[in-house]
Amino acid sequence: MTEETKKDIRKYTLDELNDFFISNGEKAFRSKQVYEWLWKKSVTSFDEMTNLSKKTRSLLIDNFIIKSVKIKQQQKSYDGTIKIVFELYDGKTVEGVMIPSEKRATACISSQVGCALGCTFCATGKLGFIRNLEFDEIYDQVALISKLATEELDLKLSNIVYMGMGEPLLNYDNVMKSIDIITSENGLAMSPQRITVSTAGISKMIKQLGDDNIRFNLAISLHTANNNKRNEIMPINKQNSITDLIEAIKYFHEKTNNRITFEYILFKNYNDSIDDANELAAFCKNFPVKINVIEYNKVVDTPFRRADKLHTEEFVKLLESKNLIVNVRKSRGKDIDAACGQLANKFSV
Ligand code: SF4
(Lines give C-alpha, C1' and ligand atoms only; values in the text may rest on other atoms or scores of the structure.)
Protein backbone atom coordinates (compact mmCIF):
# COMPACT_ATOMS: atom_id res chain seq x y z
CA MET A 1 0.00 0.00 0.00
CA THR A 2 1.35 3.48 -0.79
CA GLU A 3 1.25 6.27 1.80
CA GLU A 4 -1.66 7.84 -0.15
CA THR A 5 -3.82 4.71 -0.10
CA LYS A 6 -3.26 3.88 3.56
CA LYS A 7 -6.34 4.33 5.74
CA ASP A 8 -6.60 6.74 8.67
CA ILE A 9 -6.72 4.27 11.58
CA ARG A 10 -8.54 6.65 13.94
CA LYS A 11 -11.56 6.60 11.66
CA TYR A 12 -11.99 2.91 12.57
CA THR A 13 -14.34 1.88 15.36
CA LEU A 14 -13.27 -0.76 17.86
CA ASP A 15 -15.43 -3.34 16.03
CA GLU A 16 -13.88 -2.44 12.68
CA LEU A 17 -10.39 -2.83 14.15
CA ASN A 18 -11.46 -6.22 15.54
CA ASP A 19 -12.50 -7.33 12.05
CA PHE A 20 -9.20 -6.08 10.63
CA PHE A 21 -7.11 -8.08 13.09
CA ILE A 22 -9.19 -11.27 12.74
CA SER A 23 -9.06 -11.15 8.94
CA ASN A 24 -5.27 -10.78 9.19
CA GLY A 25 -4.88 -13.82 11.44
CA GLU A 26 -4.27 -11.80 14.63
CA LYS A 27 -6.03 -12.11 17.98
CA ALA A 28 -9.08 -9.88 18.39
CA PHE A 29 -7.84 -8.41 21.72
CA ARG A 30 -5.15 -6.52 19.77
CA SER A 31 -7.85 -4.08 18.68
CA LYS A 32 -8.51 -3.01 22.28
CA GLN A 33 -4.78 -2.48 22.85
CA VAL A 34 -4.43 -0.40 19.68
CA TYR A 35 -7.58 1.58 20.44
CA GLU A 36 -6.18 2.50 23.87
CA TRP A 37 -2.89 3.65 22.36
CA LEU A 38 -4.74 5.78 19.84
CA TRP A 39 -7.21 7.45 22.19
CA LYS A 40 -6.29 7.05 25.85
CA LYS A 41 -2.56 7.57 25.25
CA SER A 42 -2.83 9.65 22.05
CA VAL A 43 0.31 8.21 20.47
CA THR A 44 1.26 9.57 17.06
CA SER A 45 3.26 6.59 15.72
CA PHE A 46 2.84 2.81 15.67
CA ASP A 47 6.36 2.37 17.08
CA GLU A 48 5.14 3.78 20.39
CA MET A 49 2.73 0.83 20.79
CA THR A 50 5.24 -1.10 22.83
CA ASN A 51 3.01 -3.98 23.91
CA LEU A 52 2.56 -5.09 20.28
CA SER A 53 4.99 -7.44 18.55
CA LYS A 54 7.17 -6.10 15.77
CA LYS A 55 5.13 -8.16 13.30
CA THR A 56 1.83 -6.60 14.45
CA ARG A 57 3.30 -3.11 14.30
CA SER A 58 4.52 -3.78 10.75
CA LEU A 59 1.04 -4.94 9.78
CA LEU A 60 -0.37 -1.65 11.04
CA ILE A 61 2.37 0.46 9.41
CA ASP A 62 1.70 -1.29 6.07
CA ASN A 63 -2.02 -0.54 6.18
CA PHE A 64 -2.62 2.62 8.18
CA ILE A 65 -1.49 6.11 9.06
CA ILE A 66 -2.16 8.06 12.27
CA LYS A 67 -3.23 11.64 11.64
CA SER A 68 -2.82 14.03 14.54
CA VAL A 69 -3.28 17.67 15.43
CA LYS A 70 -0.14 19.56 16.46
CA ILE A 71 0.47 22.58 18.65
CA LYS A 72 1.79 25.27 16.32
CA GLN A 73 2.13 28.05 18.83
CA GLN A 74 1.22 28.88 22.42
CA GLN A 75 1.04 32.10 24.35
CA LYS A 76 0.70 32.59 28.11
CA SER A 77 -1.31 35.37 29.73
CA TYR A 78 -0.33 37.19 32.93
CA ASP A 79 -3.21 35.33 34.62
CA GLY A 80 -1.90 31.87 33.63
CA THR A 81 -4.33 31.30 30.76
CA ILE A 82 -2.63 29.73 27.74
CA LYS A 83 -3.87 30.29 24.19
CA ILE A 84 -2.90 27.56 21.77
CA VAL A 85 -2.84 27.59 17.98
CA PHE A 86 -3.54 24.07 16.72
CA GLU A 87 -2.45 22.92 13.30
CA LEU A 88 -5.04 20.61 11.73
CA TYR A 89 -4.51 17.77 9.24
CA ASP A 90 -4.57 20.04 6.19
CA GLY A 91 -2.39 22.76 7.74
CA LYS A 92 -5.34 25.01 8.62
CA THR A 93 -5.36 26.33 12.16
CA VAL A 94 -7.83 26.88 15.00
CA GLU A 95 -7.38 28.25 18.48
CA GLY A 96 -8.06 26.76 21.89
CA VAL A 97 -7.51 27.97 25.43
CA MET A 98 -6.38 26.34 28.66
CA ILE A 99 -7.81 28.20 31.64
CA PRO A 100 -6.20 27.19 34.92
CA SER A 101 -7.63 27.75 38.37
CA GLU A 102 -6.16 26.77 41.72
CA LYS A 103 -6.97 23.09 41.54
CA ARG A 104 -8.09 22.35 38.00
CA ALA A 105 -7.95 23.36 34.37
CA THR A 106 -10.65 24.02 31.79
CA ALA A 107 -10.19 23.48 28.05
CA CYS A 108 -11.99 25.76 25.61
CA ILE A 109 -11.92 24.18 22.17
CA SER A 110 -12.98 24.92 18.59
CA SER A 111 -15.39 22.95 16.39
CA GLN A 112 -15.04 24.79 13.06
CA VAL A 113 -12.37 26.74 11.18
CA GLY A 114 -14.02 30.16 11.13
CA CYS A 115 -17.78 30.53 11.55
CA ALA A 116 -20.66 31.26 9.20
CA LEU A 117 -22.86 33.03 11.72
CA GLY A 118 -21.22 36.45 11.71
CA CYS A 119 -22.20 37.70 15.19
CA THR A 120 -21.21 41.35 15.09
CA PHE A 121 -19.27 41.38 18.38
CA CYS A 122 -17.18 38.27 17.65
CA ALA A 123 -13.71 38.02 16.18
CA THR A 124 -14.26 34.53 14.73
CA GLY A 125 -17.42 35.66 12.95
CA LYS A 126 -15.32 38.08 10.91
CA LEU A 127 -13.43 35.17 9.29
CA GLY A 128 -16.44 33.54 7.65
CA PHE A 129 -16.81 29.76 7.48
CA ILE A 130 -13.86 27.72 6.21
CA ARG A 131 -14.60 24.11 7.20
CA ASN A 132 -15.86 21.75 9.89
CA LEU A 133 -13.39 19.99 12.14
CA GLU A 134 -13.31 16.19 12.06
CA PHE A 135 -14.22 14.47 15.34
CA ASP A 136 -10.63 13.42 15.99
CA GLU A 137 -9.39 16.98 15.38
CA ILE A 138 -11.79 18.11 18.11
CA TYR A 139 -10.66 15.28 20.41
CA ASP A 140 -6.97 16.06 19.89
CA GLN A 141 -7.41 19.62 21.14
CA VAL A 142 -8.72 18.24 24.43
CA ALA A 143 -5.98 15.60 24.71
CA LEU A 144 -3.25 18.17 23.97
CA ILE A 145 -4.65 20.72 26.43
CA SER A 146 -4.93 18.00 29.07
CA LYS A 147 -1.26 17.08 28.53
CA LEU A 148 -0.24 20.74 28.67
CA ALA A 149 -2.13 21.27 31.96
CA THR A 150 -0.37 18.29 33.54
CA GLU A 151 3.09 19.06 32.21
CA GLU A 152 3.13 22.85 32.70
CA LEU A 153 1.02 23.30 35.81
CA ASP A 154 0.54 19.89 37.35
CA LEU A 155 -3.22 20.35 36.99
CA LYS A 156 -5.82 17.82 35.95
CA LEU A 157 -8.21 18.78 33.17
CA SER A 158 -11.62 18.89 34.78
CA ASN A 159 -13.90 20.74 32.36
CA ILE A 160 -14.31 21.13 28.62
CA VAL A 161 -16.25 23.90 26.93
CA TYR A 162 -17.09 23.93 23.22
CA MET A 163 -16.91 27.72 23.09
CA GLY A 164 -13.93 28.36 20.82
CA MET A 165 -14.18 29.01 17.12
CA GLY A 166 -17.32 27.92 15.28
CA GLU A 167 -20.92 26.91 15.94
CA PRO A 168 -20.81 23.34 17.37
CA LEU A 169 -24.39 22.49 16.43
CA LEU A 170 -23.61 23.12 12.75
CA ASN A 171 -20.96 20.40 13.01
CA TYR A 172 -23.29 18.13 14.94
CA ASP A 173 -22.08 14.62 14.08
CA ASN A 174 -18.40 15.38 14.66
CA VAL A 175 -19.11 17.17 17.94
CA MET A 176 -21.25 14.27 19.20
CA LYS A 177 -18.66 11.71 18.14
CA SER A 178 -15.86 13.65 19.84
CA ILE A 179 -17.87 13.69 23.07
CA ASP A 180 -18.50 9.95 22.77
CA ILE A 181 -14.74 9.29 22.80
CA ILE A 182 -13.93 11.94 25.44
CA THR A 183 -16.44 10.27 27.78
CA SER A 184 -15.59 6.69 26.79
CA GLU A 185 -13.62 4.38 29.10
CA ASN A 186 -11.33 3.80 26.12
CA GLY A 187 -10.83 7.56 25.70
CA LEU A 188 -10.46 10.18 28.43
CA ALA A 189 -13.28 8.71 30.59
CA MET A 190 -14.55 12.19 31.50
CA SER A 191 -18.01 12.69 32.93
CA PRO A 192 -20.44 14.29 30.42
CA GLN A 193 -21.44 16.64 33.24
CA ARG A 194 -17.97 18.22 32.90
CA ILE A 195 -18.64 19.12 29.25
CA THR A 196 -20.55 22.15 28.00
CA VAL A 197 -21.51 22.78 24.40
CA SER A 198 -22.35 26.39 23.61
CA THR A 199 -24.59 27.38 20.72
CA ALA A 200 -25.71 30.67 19.22
CA GLY A 201 -29.20 29.12 19.23
CA ILE A 202 -30.06 26.81 16.33
CA SER A 203 -33.61 25.79 17.33
CA LYS A 204 -33.82 22.66 15.17
CA MET A 205 -30.55 21.30 16.57
CA ILE A 206 -31.49 22.14 20.17
CA LYS A 207 -34.54 19.89 19.65
CA GLN A 208 -32.23 17.25 18.15
CA LEU A 209 -30.12 17.36 21.33
CA GLY A 210 -33.33 16.73 23.27
CA ASP A 211 -34.20 13.75 21.04
CA ASP A 212 -30.66 12.42 21.53
CA ASN A 213 -31.18 12.80 25.28
CA ILE A 214 -27.71 14.27 25.83
CA ARG A 215 -26.03 14.06 29.24
CA PHE A 216 -23.61 16.97 28.73
CA ASN A 217 -24.51 20.61 29.47
CA LEU A 218 -25.98 23.02 26.97
CA ALA A 219 -25.25 26.75 26.99
CA ILE A 220 -26.90 29.30 24.74
CA SER A 221 -25.16 32.55 23.79
CA LEU A 222 -28.21 34.72 24.27
CA HIS A 223 -26.81 38.24 24.82
CA THR A 224 -30.26 39.83 24.66
CA ALA A 225 -33.82 38.59 25.06
CA ASN A 226 -35.11 41.33 22.75
CA ASN A 227 -35.85 39.94 19.30
CA ASN A 228 -35.02 43.13 17.36
CA LYS A 229 -31.73 43.67 19.15
CA ARG A 230 -30.79 40.02 18.72
CA ASN A 231 -31.47 40.31 14.98
CA GLU A 232 -28.99 43.20 14.93
CA ILE A 233 -26.11 41.48 16.69
CA MET A 234 -26.72 37.81 15.86
CA PRO A 235 -27.96 37.33 12.28
CA ILE A 236 -28.86 33.67 13.04
CA ASN A 237 -31.76 35.07 15.09
CA LYS A 238 -33.57 35.99 11.87
CA GLN A 239 -34.23 32.27 11.23
CA ASN A 240 -34.28 31.32 14.94
CA SER A 241 -36.29 34.00 16.69
CA ILE A 242 -36.66 34.38 20.45
CA THR A 243 -40.08 32.68 20.15
CA ASP A 244 -38.52 29.74 18.27
CA LEU A 245 -35.81 29.51 20.92
CA ILE A 246 -38.37 29.39 23.75
CA GLU A 247 -40.18 26.55 22.02
CA ALA A 248 -36.94 24.62 21.31
CA ILE A 249 -35.59 25.04 24.85
CA LYS A 250 -38.91 23.94 26.38
CA TYR A 251 -38.79 20.84 24.17
CA PHE A 252 -35.15 20.18 25.16
CA HIS A 253 -35.97 20.56 28.84
CA GLU A 254 -38.96 18.21 28.63
CA LYS A 255 -36.80 15.54 27.00
CA THR A 256 -33.65 15.83 29.14
CA ASN A 257 -34.69 17.60 32.34
CA ASN A 258 -31.40 19.56 31.99
CA ARG A 259 -31.02 23.12 33.22
CA ILE A 260 -29.80 25.44 30.41
CA THR A 261 -27.11 28.06 30.87
CA PHE A 262 -27.50 31.42 29.14
CA GLU A 263 -24.37 33.36 28.28
CA TYR A 264 -25.00 37.10 28.34
CA ILE A 265 -22.18 39.48 27.37
CA LEU A 266 -22.94 42.95 28.70
CA PHE A 267 -22.41 45.67 26.08
CA LYS A 268 -22.35 49.26 27.32
CA ASN A 269 -25.55 51.17 26.48
CA TYR A 270 -26.83 48.32 24.33
CA ASN A 271 -28.13 45.45 26.46
CA ASP A 272 -27.16 46.52 29.99
CA SER A 273 -30.21 48.55 31.11
CA ILE A 274 -32.82 47.64 33.71
CA ASP A 275 -35.33 47.18 30.86
CA ASP A 276 -32.95 44.66 29.26
CA ALA A 277 -32.64 42.84 32.59
CA ASN A 278 -36.43 42.73 32.97
CA GLU A 279 -36.79 41.36 29.44
CA LEU A 280 -34.18 38.68 30.20
CA ALA A 281 -35.91 37.77 33.47
CA ALA A 282 -39.26 37.38 31.66
CA PHE A 283 -37.61 35.16 29.03
CA CYS A 284 -36.03 32.99 31.74
CA LYS A 285 -39.38 32.30 33.43
CA ASN A 286 -40.06 29.72 30.71
CA PHE A 287 -37.60 27.09 32.00
CA PRO A 288 -35.04 26.42 34.76
CA VAL A 289 -31.88 28.33 33.86
CA LYS A 290 -28.58 29.66 35.07
CA ILE A 291 -27.24 32.95 33.70
CA ASN A 292 -23.58 33.76 33.13
CA VAL A 293 -23.11 37.51 32.82
CA ILE A 294 -19.83 38.01 30.94
CA GLU A 295 -17.46 40.94 30.70
CA TYR A 296 -16.96 42.05 27.08
CA ASN A 297 -13.48 42.25 25.61
CA LYS A 298 -13.02 44.74 22.87
CA VAL A 299 -12.62 43.22 19.41
CA VAL A 300 -11.16 45.47 16.71
CA ASP A 301 -13.65 46.82 14.15
CA THR A 302 -16.69 46.45 16.40
CA PRO A 303 -18.66 49.32 17.93
CA PHE A 304 -19.17 47.58 21.28
CA ARG A 305 -17.66 48.50 24.61
CA ARG A 306 -17.64 46.87 28.02
CA ALA A 307 -20.51 47.78 30.35
CA ASP A 308 -19.38 49.73 33.39
CA LYS A 309 -19.26 48.29 36.89
CA LEU A 310 -22.33 50.07 38.25
CA HIS A 311 -24.57 48.99 35.36
CA THR A 312 -23.29 45.44 35.69
CA GLU A 313 -24.10 45.39 39.42
CA GLU A 314 -27.60 46.81 38.93
CA PHE A 315 -28.29 44.40 36.08
CA VAL A 316 -27.28 41.42 38.21
CA LYS A 317 -29.18 42.69 41.25
CA LEU A 318 -32.40 42.92 39.22
CA LEU A 319 -32.03 39.33 37.99
CA GLU A 320 -31.28 38.08 41.48
CA SER A 321 -34.34 39.91 42.84
CA LYS A 322 -36.37 37.69 40.46
CA ASN A 323 -34.79 34.58 42.04
CA LEU A 324 -32.60 33.79 39.06
CA ILE A 325 -29.20 32.11 39.47
CA VAL A 326 -26.55 34.52 38.15
CA ASN A 327 -22.76 34.24 37.93
CA VAL A 328 -20.60 37.13 36.85
CA ARG A 329 -17.73 35.86 34.73
CA LYS A 330 -14.55 37.84 34.48
CA SER A 331 -12.82 37.12 31.21
CA ARG A 332 -9.45 35.39 31.38
CA GLY A 333 -6.52 35.79 29.02
CA LYS A 334 -7.51 39.26 27.82
CA ASP A 335 -3.93 40.33 27.10
CA ILE A 336 -3.46 37.48 24.62
CA ASP A 337 -6.90 37.72 22.92
CA ALA A 338 -7.95 34.42 24.46
CA ALA A 339 -11.07 35.71 26.16
CA CYS A 340 -14.65 35.03 25.18
CA GLY A 341 -15.37 36.22 21.61
CA GLN A 342 -11.74 37.02 20.90
CA LEU A 343 -10.50 33.83 19.29
CA ALA A 344 -9.88 34.70 15.68
CA ASN A 345 -6.91 32.95 14.36
CA LYS A 346 -4.43 35.61 13.51
CA PHE A 347 -2.40 32.97 11.71
CA SER A 348 -3.09 31.48 8.29
CA VAL A 349 -6.31 29.49 7.99
S1 SF4 B 1 -20.13 34.14 18.64
FE2 SF4 B 1 -19.96 31.95 18.10
S3 SF4 B 1 -21.62 31.66 16.61
FE4 SF4 B 1 -21.28 33.88 16.70
S5 SF4 B 1 -19.81 34.29 15.06
FE6 SF4 B 1 -18.63 33.96 16.94
S7 SF4 B 1 -18.07 31.79 16.88
FE8 SF4 B 1 -19.77 32.07 15.42
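Look above for the structure.
This one's a predicted model, so the numbers in the text were calculated from it and none came from an experiment.

## Notes on the overall build of the chain
Counting its regular elements, the chain contains 10 helices and 14 strands. Taking 2.2 N^0.38 as the reference for a compact globule, 349 residues should give roughly 20 Å; the C-alpha atoms of the chain span a radius of gyration of 22 Å, in line with that estimate. C-alpha atoms of the chain, sized along the principal axes, occupy 70 × 45 × 35 Å. In the chain, which comprises 349 residues, the proportion classed as buried is 54%. In the chain, the share of contacts with a sequence separation of at least 24, taken over all contacts with a separation of at least 6, comes to 66%.

## Notes on helix α2 (residues 29–38)
Across the 10 residues of α2, seven count as buried, placing the element largely inside the fold. Of the surrounding secondary structure, the elements contacted by the buried residues of α2 are α1 (14–23) and α3 (54–63).

## Structural notes on the site of the ligand
Around the ligand sit C115, L117, G118, C119, C122, T124, G125, G166 and A200, and that is every residue in its neighbourhood. Of the residues contributing to the shell around the ligand, the split by class is five nonpolar, four polar and no charged.

## Some details on the nonpolar core
In terms of nonpolar packing, the biggest core is built from 105 residues, with M49, L60, F121, Y162, F262, F283 and L319 touching the most fellow members. It is helix α4 (residues 135–153) that provides the largest number of residues to this core, a total of eight residues. Domain assignment of the residues forming this core places at least three in each of domain 1 (7–65) and domain 2 (70–336).

## A short note on the pattern of salt bridges
Tallied over the full model, the rule gives 16 salt bridges. The closest approach of N and O atoms between K11 and D136, which form a salt bridge, is 2.8 Å. Here K11, found in the loop between β1 (7–8) and α1, pairs with D136, found in helix α4; they are 125 residues apart in sequence, far enough to count as distant. Classification of K11 as partly exposed rests on a relative accessible area of 31%. Its relative accessible area of 0% is what places D136 among the buried residues. The shortest N-O distance in the salt bridge between E295 and R306 comes to 3.8 Å. Here E295, found in strand β13 (residues 289–295), pairs with R306, found in the loop between β13 and α10 (309–321); they are 11 residues apart in sequence, far enough to count as distant. The exposure class assigned to E295 is buried, which follows from its relative accessible area of 17%. Look at R306 and you get partly exposed, because its relative accessible area is 36%.

## Concerning α4
Counted at 1.5 Å a residue, the expected span for α4 with its 19 residues is 27 Å, and the 27 Å between its end C-alpha atoms agrees. Downstream of α4 by one or two residues, D154 has phi in the positive range, about 55°.

About the criteria used
Residues numbered from 1 in each chain as written. Predicted model: local features only at pLDDT ≥ 70, side-chain atom pairs only at ≥ 80, totals over all residues. Heavy atoms only, no water. Helix = DSSP H or I, 4+ residues; strand = E, 2+ residues; numbered from the N terminus. Rg over C-alpha atoms; globule rule 2.2 N^0.38 Å. Buried < 20%, exposed > 50% of the residue type's maximum accessible area, 1.4 Å probe, protein only. Contact = heavy atoms within 4.5 Å. Near = heavy atom within 4 Å. Nonpolar A, V, L, I, M, F, W, Y, C, P; charged D, E, K, R; others polar. Core = buried A, V, L, I, M, F, W, Y, C linked by side-chain atoms within 4.5 Å. Domains from an automatic or database assignment. Salt bridge = Lys/Arg side-chain N within 4 Å of Asp/Glu carboxyl O. Expected span 1.5 Å × (residues − 1).

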